[in-house]
Amino acid sequence: MKVLVIGDDTRSFLACVRSLGRQGLEVHVAPNTLSSPALASRYIKQVHILPYYLGDGQEWLAATRTLFEREQFALVLPCEERSLLPLIRHQHEFPPETRLAVPDERALDAFFDKVQTRELASRCDVPVAQAHLYQAQGALPQTFPLVAKYRKSYSWPDLYVRTQVKVVKSPSELMEWLHVHQPADQEVFFEHLVPGVGVGVSVLCDRGEVLQAFEHQRAHEVSGSSFYRKSMPLHPERLAAVQRMVATIQYTGLAMFEFKVDQPTGQWHLLEVNARPWGSLPLPVAWGVDFPYRLYQLLVLGQRTPSVTYPAPRYARNFMSDLWQFRMTSSALRSQPLTLIQHTAGWMGGLLRILINRERQDTWVWDDTGPARLEFQQLLATVKQKVKGTQAHTPSELPPLPKKRRPRLLFLCQGNICRSSYAEKKARQLIEHARLKVDIDSAGMLPRNPRPAPLVAQDAARQMGVDLSAHTSKHAFEPLLRHSDWIVIFDDINRQAVIERYPDLENRLVYLGDFESAADKLIPDPDGKSLDTFLRTYRRIDACLPPLLQQAHQASSERDSAC
């Protein structure tokens, strides 16, 4: 039996891959990036790259439907909203034998809209923090601090842009947040900040009945996130609250209910619900509660597996991410040496739980060491780069150009709204003036729907003789990249973005800065910077374009001479 797991992280995605692979299922995956350590798992049989869902999604739909028809998956398990939401939207357009592990419409409304989650909780007598729903030009809350949130973490049409959550402490911070983050067509709400530690109740449900429950607590929590958690005995009242909510909407599937618990008083409030594989999933899987495979048994085999007990407290850690949080916290405590010593001793002491079999690692497991080894190699490479410091880019030999047609150049940056857009417009002027035999285009690697150039970019371009007022961005879909002979990039971020998704195209990358005499060959992104920064960036692009286009033109002229 084949299953498809969509994602690429070393927490929920890797836990699902290992859970299903250990049961002898043939696991295929569809990641967003090919550089993820999770893809080194020995349980992955095949990797498929699907297009991003942009515009009307027809390219994504065609590729996904073709993949489902060819492979005939018994189950498709998305581990994130960016893949889950399109699957729900088009679920009736896939082969009927392909089972999608996605919520139904009722659960989608109840669990993926934070306001509706609160309304369901209130109907089920589940405590939630006080909140203020804000609409454009409406009244603002007056009590602080508050947590500013969107109703949904991801929503159409900008499916690949996660909405912001921020603690605001004053009216001025609130106005600043609204000015930057609130779109005109989407409501936001402000939730009163309640004290306490994060606690999750994870469940497997069938038609409103909880088949298995597991409770965990965040052991290290920084800014509302944690990569170190511990199992806890089920709290009867919180479990009963979860049971009332899933029974009300007759929910089937996996979900994690996130609570904030004030330990001194014992009071607790529901924050939100993740109705998909969640970040702390490796913890229950490591200690005997195999949620992913039991979901497969339920949805594919029709088996309602009995509840199992689990030990508590037991720990699981995403080591690299927890190490990063430790470094961030330690840096903030440098002015408090005693507190820093206590913090360091506590973090180091926690590692001793590994020796007494009280802690497991998300990435490192004995039966599947590939992800941990690759993760460690990537860490060493990062440390090595930081020790050496930022080095100037070393020009490499230019890729060969075709001999039977005009060369095709693609200017590529991240968003196609600042650098590559300007480079394309200016290059077209140069090509037309000098009658150069070169075809050009531009695009961005970020999965974004069409966007205009920022006003500051338009102003700077206008001063340089280029009109960006009508420009809208274009995503670098795979056919466009493969159609190009030279992919002209501006910095190492552009290079990394290409090779993470299309590593075989690395030999087509050309740095625009290599065609300039300046010592620094990288042309940084000016987005969000001043007009002067944009003007300096565009002057550098202007200096690089003539020799770039001339070299490409000469290859075309040599072809004509040979003919």
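Predicted, not measured: the structure shown is a model, and the values here were computed from it. (Residues numbered from 1 in each chain as written. Predicted model: local features only at pLDDT ≥ 70, side-chain atom pairs only at ≥ 80, totals over all residues. Heavy atoms only, no water.)

A. A look at the overall build of the protein. If you tally the helices and strands in the protein, you get 17 helices and 20 strands. Compactness check: the protein gives a C-alpha radius of gyration of 26 Å against a globular reference of 24 Å for 563 residues, within 12% of the reference. Across its three principal axes, the protein shows a C-alpha extent of roughly 80 × 55 × 45 Å. Buried residues in the protein amount to 53% of all 563 residues. Long-range pairs, those at least 24 residues apart, make up 70% of the contacts in the protein with a sequence separation of at least 6. Accessible surface for the protein amounts to roughly 26400 Å². Of this, 52% is attributable to carbon and sulfur atoms. Across the protein, the centroid of the 67 positively charged side chains sits 3 Å from that of the 61 negatively charged ones. (Helix = DSSP H or I, 4+ residues; strand = E, 2+ residues; numbered from the N terminus. Rg over C-alpha atoms; globule rule 2.2 N^0.38 Å. Buried < 20%, exposed > 50% of the residue type's maximum accessible area, 1.4 Å probe, protein only. Contact = heavy atoms within 4.5 Å. Areas by Shrake-Rupley, 256 points an atom, 1.4 Å probe, with all protein chains shown as cover. Lys, Arg positive; Asp, Glu negative; His and termini not counted. Charge placed at Lys NZ, Arg CZ, Asp CG, Glu CD.)

B. Just the sheet that holds strand β3 (residues 44-47), in detail. Read from one edge to the other, the open sheet built from five strands follows the order β3-β2-β1-β4-β5, with strand pairing classed as parallel. Of all the strands in the sheet, the pair left with one neighbour each is β3 and β5 (99-100). Most of the contacts of helix α1 (residues 12-22) go to strand β1 (residues 2-6), to which it runs at about 170°, and overall it touches β1, β2 (26-30), β3 and β4 (75-78). (Pairing = 2+ DSSP bridges. Axes fitted to C-alpha atoms, helices over the stretch in contact; angles between N-to-C directions.)

C. Spotlight on helix α10 (residues 319-332). Taking 1.5 Å as the rise per residue, α10 with 14 residues should run 20 Å; its terminal C-alpha atoms sit 20 Å apart, in good agreement. For α10, the complete set of buried residues consists of M320, D322, Q325, F326 and S330. On its buried face, α10 sits against β11 (209-222), β12 (225-232), β15 (315-317), α11 (337-350) and α12 (370-388). (Expected span 1.5 Å × (residues − 1).)

D. Just the packing of aromatic side chains, in detail. Within the structure shown, the criterion is met by 21 aromatic pairs. Relative to F73, the ring of F68 lies with its centre 6.1 Å away and its plane at 90°, an arrangement referred to as edge-to-face. The class of F73 is buried, set by a relative accessible area of 1%. These aromatic residues form a ring-pair network of at least three members: Y53, W60, F68, F73, F94 and W156. (Phe/Tyr/Trp six-rings, centres within 6.5 Å; stacked < 30°, edge-to-face > 60°.)

E. View of the packing of helix α4 (residues 105-112) against helix α5 (residues 114-123). Running from N to C, α4 and α5 point in directions that differ by 95°, and their axes come no closer than 5 Å. Classified by the angle between their axes, α4 and α5 sit roughly perpendicular to one another. In this structure, α4 uses D109, A110, F111 and F112 to contact α5, whose residues at the interface are K114, Q116, T117 and L120. For the contact of α4 with α5, the class distribution of residues is four nonpolar, two polar and two charged. (Parallel < 35°, antiparallel > 145°, perpendicular 65-115°, else oblique. Nonpolar A, V, L, I, M, F, W, Y, C, P; charged D, E, K, R; others polar.)

F. Main features of the sheet that holds strand β18 (residues 439-444). In spatial order, the strands read β18-β17-β19-β20; together these four strands make up an open sheet with parallel pairing. With partners counted over all chains shown, the strands left at the sheet margins are β18 and β20 (509-511), one partner each. This sheet shows a mean twist of 30° between the axes of neighbouring strands, independent of strand direction. As paired strands, strand β17 (residues 408-413) and strand β19 (residues 486-489) are joined by three bridges and run parallel to one another. For L409, the partnering residue across the bridge sits in β19 and is W486. Packed on one face of the sheet, helix α13 (residues 419-434) meets β17 and β18 and runs near 170° to β18.

G. Quick look at helix α9 (residues 291-299). Counting buried positions along α9 yields nine of nine residues, so the element is predominantly enclosed. Within α9 the residues assigned to the buried category are F291, P292, Y293, R294, L295, Y296, Q297, L298 and L299.

H. Summary view of the pairing of β2. Burial of β2 is extensive: four of the five residues sit out of reach of the surface. One crossover worth recording links β1 to the parallel β2 by way of α1, and it is right-handed. (Right-handed = clockwise from strand over helix to strand, strands pointing away.)

I. Broad picture of the nonpolar core. By size, the foremost hydrophobic cluster in this structure holds 55 residues, and its most contacted members are F68, L87, F111, V203, M245, Y251 and F257. Broken down by element, the residue count for this core peaks at six residues, all from helix α7 (residues 236-249). Dropping the residues within four chain positions of it, F257 is found in contact with F111, V199, G200, V201, V203, V242, M245, V246, L270, E272 and V273. One finds L25, L39, L77 and M256 within the second-largest nonpolar core, a separate group that totals 39 residues. (Core = buried A, V, L, I, M, F, W, Y, C linked by side-chain atoms within 4.5 Å.)

J. Quick look at a nonpolar patch on the surface. Together, L352, L355 and I356 make up a nonpolar patch on the protein surface, roughly 350 Å² of accessible area in all. In this fold, L355 is placed in the loop between α11 and β16 (359-361). (Patch = residues over 30% accessible without salt bridge, like charges linked within 9 Å, V, L, I, M, F, W, Y side chains within 5 Å. Salt bridge = Lys/Arg side-chain N within 4 Å of Asp/Glu carboxyl O.)

K. Region of the structure containing the pattern of salt bridges. Taken as a whole, this structure holds 31 salt bridges when the rule is applied. Notably, a salt bridge pairs K2 with E71, separated by 2.6 Å at the nearest N-O pair. With K2 in strand β1 and E71 in helix α2 (residues 58-71), this pair connects stretches of sequence that are 69 residues apart. Residue classification places E71 among the buried residues on the basis of a relative accessible area of 9%. Across the pair D322 and R317 runs a salt bridge whose closest N-O atoms are separated by 2.7 Å. With a relative accessible area of 1%, D322 lands in the buried category. Beyond isolated ion pairs, a larger network of salt bridges with shared partners links D206, R207, E209 and R304.

L. Representation of the packing of α5 against α7 within the structure. Running from N to C, α5 and α7 cross one another at 105°; their axes reach a closest spacing of 9 Å. With respect to their mutual orientation, α5 and α7 come out roughly perpendicular. For the pair α5 and α7, contact is made by T117, L120, A121 and R123 and by M245, T248 and I249, respectively.

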